[in-house]
There are 2 protein chains.
Amino acid sequence: MKLTAKAARATGEGGPAVVLFAPQLGENVGQVARAMLNFGLTDLRLVRPRFGWPNAKAVAAAAGAHAVLNAMRIFPSLEEASADLHHLFATTARPREMEKPVMTAEGAAVEARRLAGGGRRVGFLFGPERSGLSNAELALADAIVTIPLNPAFSSLNLAQAVLLCAYEWFLAADRTPPVQGEVPDEPPATKAELAGFLAFLVAELDRAGFFRSPTRRGSLVRAIEVMFERRRPTRAELNLLYGIVKQLAAAGGRPRNL
Amino acid sequence: MKLTAKAARATGEGGPAVVLFAPQLGENVGQVARAMLNFGLTDLRLVRPRFGWPNAKAVAAAAGAHAVLNAMRIFPSLEEASADLHHLFATTARPREMEKPVMTAEGAAVEARRLAGGGRRVGFLFGPERSGLSNAELALADAIVTIPLNPAFSSLNLAQAVLLCAYEWFLAADRTPPVQGEVPDEPPATKAELAGFLAFLVAELDRAGFFRSPTRRGSLVRAIEVMFERRRPTRAELNLLYGIVKQLAAAGGRPRNL
């Protein structure tokens, strides 16, 4: 059943609330809506946005996630935005000295799923683009979420942070097996090694007059390439194949020993 | 040790190659570079980009990830872009009928880490923004990566797809524990329930003349709020506290039984 955002929120099926504290750009709110809906989140709340609403840039950036924007609510304070929530997870770039649990996005998602499964209402809080959340807002949160990042370059924008948290929320209940189908265990040759062998083989076949009709040459060459690309020979197997082709080509001039 | 992108690639420390097939917008390439560097990836390769290079929009969108753009390489074909790779993971929105393993981003990251740990060179392939990869490009890949998404709304752009794959690659070796610090197991009251109790308590304290000095009232009220917010009382505990406060306030007029 496909729910409207409002109905999903009313039944608690829209996932955790996403609370944006004092967002600065309408465009970012649109990107947040898009990131949320990609992972089934529909409950977006803004606290004191620094732009007017409705906002054309937000609508354009939402890329079709209008249901989230239409159901979005704006609040004058974080207290009011989170009044119906039991648990608030606050995201920060760097965890500060606070007497609160600190979680990865994955850890927070698992915990949020556990709480939501027990009937609690959960929200994820994100700060303004430039400054992030202040200690005053963090004080209202029950846990701190910090996304693991390259310490030498951590430049995650608002929509990306929401994307990763929403992704983890979705994954925490997703049943897709991580790998379907067989994974070969032998080391294959590199693409260049295989391409080198295929070029060699086709040249030898040309010399041997294998491609009798020029019109069929293209499709035959492609069929040979597909055959080898599917099987992904190892380097040792390629060496064996080189030997076979060379031997056959060298013997081509001589009468076969029938 | 902080490596340049080129040095990182030479030593294999820059993580999997990210190969963009026929990207349409320079801006997206900049966002991809930023997403990559956030998770320590530095080896970016473009096949037949549909824009000129260098590209001012790419530089602006990279948000400081210049090392990735400076080391970026452009190739005339996918075969040349992947010539030195042993394994190519191709991302698609929907898995097609192919005799290849299909993986989630998480499954692919774990597999890529395993392969890279064994000395293999690995790449992730992403298609053009609008059309995605065709079957011809997918045929060159060893595995198909499909990111789990809300089936009713799957609108992931190029940089977001790269972000999620790079994030999973980073996580596959990240040692951050998912939760640090104690997570309370009792259901706390909602924020609104707690705020309601605190307002009631302060009103009773006002009536009882608790705040002797008006100048100190603000800091005392804040100290009370912090005390209760930190402990997050359950709804049952709140009811108990209501009872206690009411009883004390009602008894306030009567002489204490010493």
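Since this is a predicted model, take the numbers as computed values, not measurements.

S.K.: What exactly am I supposed to notice about the interface of chain A and chain B here?
M.R.: Interface size is often expressed as the accessible area that is lost when the parts come together. At the interface, 73 residues of chain A touch 73 residues of chain B. Buried area between chain A and chain B, both sides added, is near 5,600 Å², and the carbon and sulfur share of it is 56%. Our enumeration of links across chain A and chain B arrives at two salt bridges. For Lys191(A), the salt bridge goes to Asp142(B), with nearest N and O atoms at 3.4 Å. Linking chain A with chain B are 22 residue pairs in polar contact (both at pLDDT 80 or more), by the criterion used here. Counting only elements with at least two residues in the side of chain A that touches chain B, the list comes to α2 (26-38), β4 (87-91), β5 (102-103), α6 (105-117), α8 (158-171), β8 (179-180), α9 (191-207) and α10 (214-231) of chain A. Top contributing element to the side of chain A that touches chain B by residue count: α8(A), with seven residues. Note that β8(A) and strand β5 (residues 102-103) of chain B share two bridges and pair antiparallel. When the bridges of β5(B) are listed, Gln180(A) appears paired with Val102(B).

S.K.: So what exactly am I meant to see when it comes to empty space enclosed by the protein here?
M.R.: Any empty space left between the atoms is revealed when a probe the size of a water molecule rolls over them. All names here are of chain A. This structure, assessed with the given rule, holds two cavities of 30 Å³ or more. There is about 50 Å³ of room inside the largest cavity. Around the largest cavity sit Pro16, Val18, Leu41, Phe124, Phe126, Val162, Cys165, Ala166 and Trp169, which together line it. Going through the elements one at a time, β6 (122-126) and α8 are the ones with two or more residues in the lining of the largest cavity. Top contributing element to the lining of the largest cavity by residue count: α8, with four residues.

S.K.: In this structure, what is going on with the sheet that holds strand β6 (residues 122-126) of chain B? I would like to understand it.
M.R.: Whether parallel or antiparallel, the strands of a sheet pair through hydrogen bonds between backbone atoms. Spatially, β8(A)-β5(B)-β7(B)-β4(B)-β6(B)-β1(B)-β2(B)-β3(B) is the arrangement adopted by the eight strands of the open sheet, whose pairing is mixed. In this open sheet, the two strands that pair with only one neighbour each are β8 of chain A together with β3 (73-75) of chain B. Of the pairings in the sheet, the one linking strand β2 (residues 44-47) of chain B to β3(B) comprises three bridges and is parallel in character. When the bridges of β3(B) are listed, Arg45(B) appears paired with Arg73(B). Contacts from helix α8 (residues 158-171) of chain B reach β1 (17-21), β4 (87-91), β6 and β7 (143-145) of chain B, with the element oriented near 155 degrees to β6(B).

S.K.: Help me out: how do you make sense of the relation of the copies chain A and chain B in this one?
M.R.: With an RMSD of 0.3 Å, the fit of chain A onto chain B corresponds to turning through 180 degrees and sliding 0.2 Å along the axis. Viewed as a symmetry operation, the transformation between the two copies matches a two-fold axis. Mapped onto chain B, 99% of the interface residues of chain A again fall at the interface, so both copies present the same surface.

S.K.: Hey, could you run me through the confidence of the model for chain A in this one?
M.R.: Low pLDDT means the predicted atomic positions in that stretch should not be read closely. Taken over all residues, the pLDDT of chain A has a mean of 86, while the share at 70 or more is 89%. Note on residues 254-258 of chain A: pLDDT is under 50 here. Beyond four places in sequence and across chains, it has zero contacts.

S.K.: Got a minute to help me understand the packing of α6(A) against α8(A) in this structure?
M.R.: For any two helices packed against each other, one specifies the crossing angle of their axes together with the interaxial distance. Residue and element names in this part refer to chain A. Viewed as axis vectors pointing N to C, α6 and α8 meet at an angle of 55 degrees, and their least axial separation amounts to 8 Å. When the axes of α6 and α8 are compared, the pair comes out oblique. When the axes of α6 and α8 are compared, the crossing they make is right-handed. Residues Ala105, Glu106, Ala109, Ala112, Arg113 and Ala116 of α6 pack against Cys165, Glu168, Trp169 and Phe170 of α8.

Conventions adopted
- Residues numbered from 1 in each chain as written.
- Chains lettered and ligands numbered in written order.
- Predicted model: local features only at pLDDT ≥ 70, side-chain atom pairs only at ≥ 80, totals over all residues.
- Heavy atoms only, no water.
- Contact = heavy atoms within 4.5 Å.
- Buried area = accessible area lost by both parts, 1.4 Å probe.
- Salt bridge = Lys/Arg side-chain N within 4 Å of Asp/Glu carboxyl O.
- Polar contact = N/O pair within 3.5 Å; in protein donor to acceptor, adjacent residues only side chain to side chain.
- Helix = DSSP H or I, 4+ residues; strand = E, 2+ residues; numbered from the N terminus.
- Pairing = 2+ DSSP bridges.
- 1 Å grid on protein atoms, 1.4 Å probe; cavity = no way out; pocket = protein on both sides within 12 Å on 5 of 7 lines; lining within 4 Å.
- Points joined across faces, edges and corners; volume = space filled by probe spheres on them.
- Axes fitted to C-alpha atoms, helices over the stretch in contact; angles between N-to-C directions.
- Least-squares fit on C-alpha atoms with pLDDT ≥ 70 in both.
- pLDDT = per-residue confidence, 0-100.
- Parallel < 35°, antiparallel > 145°, perpendicular 65-115°, else oblique.
- Left-handed = near helix turned anticlockwise from the far one by under 90°.

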